[in-house]
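# Reading the structure
Here is how the chains run, residue by residue.
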Amino acid sequence: MSVLMGASSAKKIQVKNGRFVRFALILVALVVLFVFASLSLLRTNAPPSYATYSDEGRIFLKQNQLSKMLEEWNKLPPRNLDLYPSLAEDHIVIVLYVHNRPQYLKVVVESLSKVVGINETLLVVSHDGYFQEMNAIVDGIRFCQVKQIFAPYSPHVFSDSFPGVSPRDCKNKDDPVQNNCEGTADQYGNHRSPKIVSLKHHWWWMMNTVWDGMKETRQHSGHILFIEEDHFIFPNAYLNLQLLVKLKSEKCPDCYAANLAPSDVKSRGEGAEVLIAERMGNVGYSFNRTVWRKIHMKAREFCFFDEYNWDITMWSTVYPSFGKPVYTLRGPRTSAVHFGKCGLHQGQGKQHACIDDGQVNFAIEEKDKVQNIDPRWRLQVYSNQVGYRAGFKGWGGWGDERDHRLCLMFASMYHQR
């Protein structure tokens, strides 16, 4: 009798254990389903994710000491925090990207020092490599918070290896097989020139670093203004830009950006009492993180288009891929002027150097010192403007596969999975 009762009890225990196991399995399954559902919902409600190009962009570069040092310098905090300990809540970050034209940089820095409101924001100066004279000029800035960043993979940083000049690089129209050299020619049969490709590399590295890499700006959701070392900035530029950014959603909801100057660099504006919506220019342009994410998603288009100019690449392949015109909003009177005579391609070398002392003589009127845009003005839209557009195949200079991979590496360096 006791034996039978023991067997019966054991069977009941086995049944209970079996039920418990099944219950535990069901519970685990439900938890897993809940986690996956939550992740799916987060992905659905999250803003557009960044594209990753880690496989295509994988490139093996051996950094030299200068490159490593520049990367460490990029981690330094802004200077002048003792003079300007805080930034305005609605500040617009200003990014000045420079190369090696010190006579121009002195002019733009002097013009920035007179900009109304410059003391309430952060100025980021992005260098294409390291040049002592350029660095010294920026070190002298005292009118706002300023942070310097240096492109650690600039061709100017690598004197005897890619992305600089490598001993085995093909030159001009060399045949790689016949000349036993390395390189992929562009669509016109020409091989890369490090000085030429550095323009596009620096702009793309800077954009990725400012928006997604720098501690000071990677959470910044507002607009960021981008200017170059040969852009003279008027005293009212910051005030006008602040107003344009506020007006953009109301006056021009289809506008992607706000500009300080007309897209035609020779124009000083219409002077009429109207707001202008036109194709985005490359002098004093600003946009927010939403637009940056759209641009970043087009990294392959940017990196593989055979054109060494970043702006022509944007006009010819990236902007057209958005599916509708890329308008920018600006005022009828310019707040920034392109003044450079020496192109970046000409460099500062002893041979074939472009000589320009950087002297400028712009007439700054009283209306250029105050906000001269009226929110009540109507909007005038310029459509079908002349300029680079979809279908242009590019001027070349960007055919080397190594440059394509380095470009994609910049797109993924802050988004590794």
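Residue numbers run consecutively from 1 along every chain, following the written order of its sequence. Only residues with pLDDT of 70 or above have their local features reported here, since the model is predicted, and side-chain atom pairs are shown and tallied only from 80 upward, although totals for entire chains, interfaces and linings are computed over all residues. Processing note: side-chain calculations cover all non-hydrogen atoms of the structure and skip hydrogens and water entirely.

### Thoughts on the state of the cysteines
Quick reminder of the rule: For this text, the term disulfide refers to a pair of cysteine sulfurs within 2.5 Å. For the purposes of this entry, the term helix denotes a DSSP run of H or I that reaches at least four residues, the term strand denotes a run of E that reaches at least two, and both are numbered from the N terminus. Under the scheme applied here, a residue whose accessible area is under 20% of the maximum for its type counts as buried, over 50% as exposed, and between as partly exposed, the area being computed with a 1.4 Å probe on protein chains only.
One pass over the full model with this rule turns up three disulfides. In this model, Cys170 is linked to Cys181 through a disulfide, with the two sulfur atoms separated by 2.0 Å. When the S-S torsion is 95 degrees, as for the bridge of Cys170 with Cys181, the disulfide is right-handed. In this pair, Cys170 sits in the loop between strand 3 (145-150) and helix 5 (194-213) while Cys181 sits in the loop between strand 3 and helix 5, placing the two residues eleven residues apart along the sequence. Judged by relative accessible area, which is 4%, Cys170 ranks as buried. Classification of Cys181 as buried rests on a relative accessible area of 11%. Disulfide pairing is shown between Cys303 and Cys407; the S-S distance is 2.1 Å.

### Some points on the packing of aromatic side chains
Our working definition: Only Phe, Tyr and Trp rings take part, Trp by its six-membered ring, and two of them pair if their centres are within 6.5 Å. Stacked means planes under 30 degrees apart, edge-to-face means over 60, and tilted covers everything else. To sit over a ring, a charge needs its Lys NZ or Arg CZ within 6 Å of the ring centre and within 35 degrees of the ring normal.
Tallied over the entire structure, the rule returns 20 aromatic pairs. Ring plane angle 50 degrees and centroid distance 6.0 Å describe the contact between Tyr130 and Phe150, whose orientation is recorded as tilted. In this pair, Tyr130 sits in the loop between strand 2 (122-127) and helix 4 (132-139) while Phe150 sits in strand 3, placing the two residues 20 residues apart along the sequence. Using a relative accessible area of 27% as the deciding quantity, one classes Tyr130 as partly exposed. Judged by its relative accessible area of 3%, Phe150 falls in the buried class. Three or more aromatic residues joined by ring pairs form one cluster here, namely Trp203, Trp204, Trp211, Phe226, Tyr285, Phe287, Trp292, Phe302 and Trp310. A cation sits over an aromatic face here: Lys200 above Phe302, 4.9 Å from the ring centre. Of note, Lys294 hangs over the ring of Phe322, and the distance from its end group to the ring centre comes to 4.9 Å.

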